[in-house]
Amino acid sequence: MEHFLHELWIARWALAQGLVLTVEISVASILCGSIIGLFAGIGLTYGKWPLRLPIRAAVDCIRGIPVLVLILASFYLLTFAGINLTAVESGLLALSIFCGAHMGEIIRGALQSIPVTQIDAGRAIGLTFPRILIYVLIPQAMRQIMPVWVNTGAELVKASTLLSVIGTGELLLRTQEIVGRNFMTLEFYGLCGLLYFLINSVIERLGKFASRRFALQ
Amino acid sequence: MTLLAIRGLTKNFGQVEILKGVDLEVNKGEVVSIIGASGSGKTTLLRCVNLLEDFNGGEIILDRVAIGYTGEGGARRRFGERELARQRAMTGMVFQSFNLFPHLTALGNVMLGLTKVRHMAKREAQQLAMNWLARVGLADRATHLPAQLSGGQQQRVAIARALAMDPKLVLLDEITSALDPELVGEVLNTIKLLAKEGTTMLIVTHEMRFARDVAHRTIFMDGGLIAEQGPSASLFRNPKNARLKEFLKRANL
Amino acid sequence: MTYSFQFRAIEDNFDHFLYGLALGLVLAVAAILVGTLIGLLCAFATMAKARLPSRLVGIYVSAIRNTPLLVIILFVYFALPQLGIRLGKLESFVFSLAIYAGAYLTEVFRAGLAGVPRGVIDAGRAIGLTGFQLALYVISPIMWRNCLPALGTTFISLFKDTSLAAVIAIPELTYQARKLNTETFRVAEAWATASLLYLATCLLIAAGLRQLERRFPKF
């Protein structure tokens, strides 16, 4: 036990850096992904077919391949095309796209479930469609998807571990580096798992709080 | 002869007393109807008789054997699951919402108890089940799934399912309440036929006219107790209990 | 920058890709079979009268669902040997994925069980079925029908998760693509092929699932 604590003390900065980067990447990608998803969702629900079909195809393709493939493919393709992004940037791009496709589906579902009468009501008081979208439809959709949105955040934290494969210095990679040095696989992989569990538990707690706070009914 | 004897039956749901000491006797071949307002304990009484609910006090004696619990006072102990299942097979129940097994055909529904509980051979069970389906007028629907049957047809399959088990006593819990009005008749006619053949039945119902015409005896329950009981014809014509009078007035009888 | 698509490399190595795809499917099937056993056990355990089984299942489900799959895989493969449990690559991966699947399937089966109408259970009890008979002849058939869609989507998810086997050098599809990529630098072809294969397989499974659901709709 003392040996573990000793090693833990040595490794404290590396782990802390990894933890911080994990959180940063997760937050950044869920924000970017949500914005992408918002536009995708709106396009899928209200767009005419020249807009809807390409988005539909893109979303289905992205969701039909594993996240790891998305991450590796974008990493290698970009490097090969001469666009030299860092591992962090490349990972962020892949995760944002993944999150965007995911959120697009979710927002589409939420928007489609809003009764058409809401749009009628908006028109009846003289609002144009963009205004109806912004002031009537999206707020309702957002409230509805709050718990799913938080859950997507947790999924992204878990997906961020895959970025270790392309060399992004998040928590898992740092753990692997530490283990590579001191061979204490049991203790440090265990600690790593525990840390992710704690992060996601906090997110779960936040989610419950948020859905109660923002629930419509 | 007395087929069913209930003595001092009490039942609580948590703090709420639903049955406050019910005494009832039903003779073989008798049809007894139970009427009363919602919450008077009619359904709970039925569910205690076929042991779907446990009860807190009193005893239920079916065909001279105490069911549900053994012993008295401190030594009172509920029977084990195996024994309870065996005792439940001695009574049959038809439910308000039919509760047919959705994954089995009409024939399958009737056969399940015969093969798994009565341990009949498959061919024998099928024969018996078909006979019962014919008796309720649904022989041609034997291979239909519940989803393909109307409410009235489903309820008749449910009646066949209960009766095929050859129970000593049949419990019917508001079996027409969930049916569209035009389908009620076919179910009531089936029950009338069974009554004529001497099936012992306890019927909880809202259909006052049916209770008066088919049941030998009617019981009025109020607040977890039997407030009045007697031969159906006279009970409906000359109710003595004040609340029964009010109840019948509201039901336009 | 010119880039000429040379699919020759893909043609020569296509059998490797197919092998990887097949391996991925086998891993997914193995994982969902074991995971189903775990899920059923846990789901029925939560129906017990005692509270301890539910608590334990709750801890298991919560722990696994909040932990990244990759961490579980690495832990099982690298950390368990320190406890004396040494598994081969394939066994270790299937074990990890099965435990992961079990946590999600527990919830799927619990929802399926809850979807069995109380009245139908009452009817089964009323004709004298014992608890065990009830579970076998009434509850299970209804539960399986209700769970079918969720089981299907879980399987598709697990199939995509088999890509993580590449991280411990199991030669499934993603590993093959990366290998071809680094060996021949046919970047676009390698990843396009892998992506198309994954996509096609997922679409086929989803279509098959839709057919099954039409044949066996929910009750």
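As a convention, each chain's residues are numbered from 1 in the sequence order in which they are written. Chains and ligands are labelled by the order in which they are written, letters from A for the one and numbers from 1 for the other. With pLDDT at 70 or above as the cut-off, local features in this predicted model cover only qualifying residues; side-chain atom pairs require 80 or more to be listed or tallied, and sums for whole chains, interfaces and linings still use all residues. Side-chain measures here rest on the full set of heavy atoms in the structure, leaving out hydrogens and waters.

**A look at the overall build of chain A**
Put simply, the test is: Secondary structure elements are defined from DSSP: runs of H or I of at least 4 residues count as helices, runs of E of at least 2 residues count as strands, and each element is numbered from the N terminus. Think of it in three bands: with a 1.4 Å probe and only protein chains considered, a residue is buried below 20% of the maximum accessible area for its type, exposed above 50%, and partly exposed in between. Any two residues having at least one pair of non-hydrogen atoms within 4.5 Å are treated as being in contact.
A tally of regular secondary structure across chain A gives 8 helices and 0 strands. For chain A, the spread of C-alpha atoms along the principal axes amounts to about 70 × 45 × 20 Å. Scored against the burial criterion, the 217 residues of chain A give a buried share of 48%. Summarising the internal contacts of chain A: among those between residues at least 6 apart in sequence, 77% fall at separations of at least 24.

**Remarks on the interface of chain B and chain C**
As a reminder, the rule being used: Just to be clear on terms, a salt bridge is a Lys or Arg side-chain nitrogen sitting within 4 Å of an Asp or Glu carboxyl oxygen. Within 3.5 Å is the distance limit for a polar contact, defined as a pair of N or O atoms, with the added protein rule that one can donate a hydrogen and the other accept it, and that residues adjacent in sequence qualify only through two side-chain atoms.
Taken together, the contact pairs 22 residues of chain B with 18 residues of chain C. Seen at the junction of chain B and chain C, the total is 1 salt bridge. Here D122(C) makes a salt bridge to R47(B), at a shortest N to O gap of 2.9 Å. Where chain B touches chain C, the interface holds 5 residue pairs in polar contact (both at pLDDT 80 or more). Of all the secondary structure elements, the ones that give two or more residues to the side of chain B that touches chain C are helix 2 (81–88), strand 8 (91–94) and helix 3 (106–116) of chain B.

**Concerning the packing of aromatic side chains**
Quick reminder of the rule: Only the six-membered ring of Trp is used, alongside the rings of Phe and Tyr, when aromatic pairs are assigned; centres must lie within 6.5 Å, and planes under 30 degrees apart are stacked while those over 60 apart are edge-to-face, with the rest tilted. Each ring is checked for a lysine NZ or an arginine CZ that lies within 6 Å of its centre and within 35 degrees of its normal; such an atom marks a charge sitting over the ring.
Evaluation of the coordinates by the stated rule reveals 11 aromatic pairs over all chains. Aromatic pair Y189(A) and F78(C): ring centres 6.3 Å apart, planes at 20 degrees, arrangement stacked. Taken as a pair, Y189(A) in helix 8 (residues 185–214) and F78(C) in helix 3 (residues 69–79) lie in two separate chains rather than in one. Given a relative accessible area of 4%, Y189(A) falls into the buried group. On the basis of relative accessibility, which here comes to 36%, the residue F78(C) falls in the partly exposed class. Ring pairs connect the aromatic residues F75(A), Y76(A) and W191(C), which therefore count as one cluster. Across the ring face of W9(A), the terminal group of R12(A) is positioned such that the distance to the ring centre comes to 3.9 Å.

**What to know about the arrangement of the chains**
Comparison of the 2 pairs of chains in contact shows the highest number of contacts for chains A and C. At their nearest point, the C-alpha atoms of chain A and chain B are still 28 Å apart, with no contact between the two.

**Points about the interface of chain C and chain A**
Going by this rule: When two parts are brought into contact, each loses some accessible area as probed by a 1.4 Å sphere; the total of that loss over both is the buried area.
Taken residue by residue, the interface counts 34 residues in chain C and 36 residues in chain A. Roughly 2900 Å² of surface becomes buried between chain C and chain A when both sides are summed, with 72% attributable to carbon and sulfur atoms. Counting the surface chain C buries against chain A, the share from its top three residues, N66(C), R178(C) and W191(C), is 19%. Counting across the interface, chain C meets chain A through 0 salt bridges. Taken together, the links from chain C to chain A amount to 11 residue pairs in polar contact (both at pLDDT 80 or more).

**Considering the sheet that holds strand 4 (residues 57–62) of chain B**
All names here are of chain B. Counted only if it meets this: DSSP-based pairing: two strands are paired if at least 2 bridges between them are found. Interaxial angle, 0 to 180 degrees, is taken between N-to-C directions of lines fitted to C-alpha atoms, where a helix line uses only the stretch in contact.
Pairing in this open sheet of 4 strands is antiparallel, and the strands run 2-1-4-5 from one edge to the other. A single partner strand is all that each edge strand has here, and the edge strands are strand 2 (16–27) and strand 5 (65–67). Sheet twist, expressed as the mean angle between neighbouring strand axes with direction ignored, is 25 degrees. Here strand 1 (residues 2–13) runs beside strand 2; their pairing, made up of 9 bridges, is antiparallel. By the bridge assignment, T2 is partnered in strand 2 with N27. Along the sheet face, helix 1 (residues 42–49) touches strand 1, strand 2, strand 4 and strand 5 and points at about 120 degrees away from the line of strand 1.

**With respect to the nonpolar core**
Here is the rule we go by: Put simply, buried Ala, Val, Leu, Ile, Met, Phe, Trp, Tyr and Cys residues joined by side-chain atoms within 4.5 Å make one nonpolar core.
Residues L4(B), L9(B), L133(B), I191(B), M201(B), L202(B) and F93(C) are the most contacted members of the largest nonpolar core, which totals 206 residues. With 12 residues, helix 6 (residues 129–159) of chain A is the single largest residue contributor to this core. Once residues lying within four places of it in the same chain are set aside, the contact partners of L9(B) are L19(B), K20(B), G21(B), V22(B), L45(B), C48(B), F55(B), G57(B), G58(B) and I60(B). With 9 residues, the next largest nonpolar core counts I35(B), A211(B), F220(B) and L248(B) among its residues.

**A few points about the packing of helix 1 (residues 8–45) of chain C against helix 8 (residues 187–215) of chain C**
Residues and elements named next belong to chain C. Our working definition: When describing relative orientation, an angle under 35 degrees is termed roughly parallel and one over 145 degrees roughly antiparallel, while 65 to 115 degrees is termed roughly perpendicular and anything else oblique. Definitions for this section: a left-handed crossing has its near helix turned counterclockwise from the far helix by less than a right angle. A right-handed crossing has that turn clockwise. Note that Gly is not counted as nonpolar here; it falls among the polar residues with everything else outside the nonpolar set of Ala, Val, Leu, Ile, Met, Phe, Trp, Tyr, Cys and Pro and the charged set of Asp, Glu, Lys and Arg.
Contact geometry for helix 1 and helix 8: axes closest at 11 Å, N-to-C directions at 40 degrees. In terms of orientation, helix 1 lies oblique with respect to helix 8. Crossing handedness for the pair helix 1 and helix 8: right-handed. Contact with helix 1, carried on its side by I10, F14, F17, L21 and L25, involves E189, A190, T193, A194, L197, T201 and I205 of helix 8 and no other residues of that element. Classifying every residue of the contact of helix 1 with helix 8 by side-chain character gives 9 nonpolar, 2 polar and 1 charged.

**So, the side chain of K11(B)**
Along the chain, K11(B) falls in strand 1. In contact with K11(B), other than residues within four places in its own chain, are V16(B), E17(B), I18(B), L19(B), T44(B), C48(B), E53(B), D54(B), F55(B) and N56(B).

**Some thoughts on the packing of helix 1 of chain C against helix 2 (residues 52–65) of chain C**
Residues and elements named next belong to chain C. Look at helix 1 against helix 2: their axes get within 8 Å of each other, and the N-to-C directions meet at 135 degrees. Taken together, the axes of helix 1 and helix 2 lie oblique to each other. Mapping the contact onto sequence places I38, C42 and A45 in helix 1 and P53, S54, V57 and Y60 in helix 2. The class makeup of the residues in the contact of helix 1 with helix 2 is 6 nonpolar, 1 polar and no charged.

**Quick word on the confidence of the model for chain B**
What counts here: In predicted models, pLDDT denotes the confidence assigned by the predictor to each residue on a 0 to 100 scale.
Overall, the prediction assigns chain B a mean pLDDT of 91, with 98% of residues at 70 or greater. Prediction confidence for the complex, expressed as pTM and ipTM, is 0.86 and 0.90 respectively.

**Some remarks on helix 1 of chain C**
Count 3.6 residues to each turn of an α-helix, and residues three or four apart come out pointing the same way. Our working definition: In a helix, the anticipated span is given by 1.5 Å times the number of residues less one. Working definition for bend: take the seven residues up to and ending at a residue and the seven starting at it, fit an axis to each, and measure the angle between the axes.
For helix 1 of chain C, built from 38 residues, the straight-helix expectation of 56 Å at 1.5 Å per residue is met to within 8% by its first-to-last C-alpha distance of 55 Å. Roughly 55 degrees is the biggest bend found in helix 1 of chain C, and it falls at F14(C).

**As for the pairing of strand 3 (residues 31–36) of chain B**
Residue and element names in this part refer to chain B. Counting buried residues in strand 3 gives 6 out of 6 residues, a clear majority hidden from the surface. Side chains V31, S33 and I35 of strand 3 all project onto a buried face; the interleaved residues V32, I34 and G36 project onto the opposite face, where all are buried too. The pairing of strand 3 with strand 10 (residues 201–204) spans 4 bridges and is parallel. Along strand 10, the bridge assignment pairs V31 with M201. Alignment of strand 3 against strand 11 (residues 217–222), held across 5 bridges, turns out to be parallel. Bridge pairing in strand 11 links S33 to T218.

**Considering the layout of surface pockets**
The test is simple: Grid spacing is 1 Å over the protein atoms alone, the probe is 1.4 Å, and a cavity is where that probe fits but cannot get out, while a pocket is an open set with protein on both sides within 12 Å along at least five of seven lines and lining residues have an atom within 4 Å of a point. Grid points are joined across faces, edges and corners, and a volume is the space filled by probe spheres set on the points.
Each pocket or cavity is described by its volume, and for the second largest pocket that value is around 640 Å³. In terms of lining residues, the second largest pocket is bounded by 18 residues, among which M47(C), I121(C), R125(C), G131(C) and L134(C) are the most central. Contributions of two or more residues to the lining of the second largest pocket are made by helix 2 of chain B together with helix 4 (89–114), helix 5 (118–126) and helix 6 (131–161) of chain C. Examining the composition of the lining of the second largest pocket, we find that 4 residues originate from one element, helix 6 of chain C, more than from any other.

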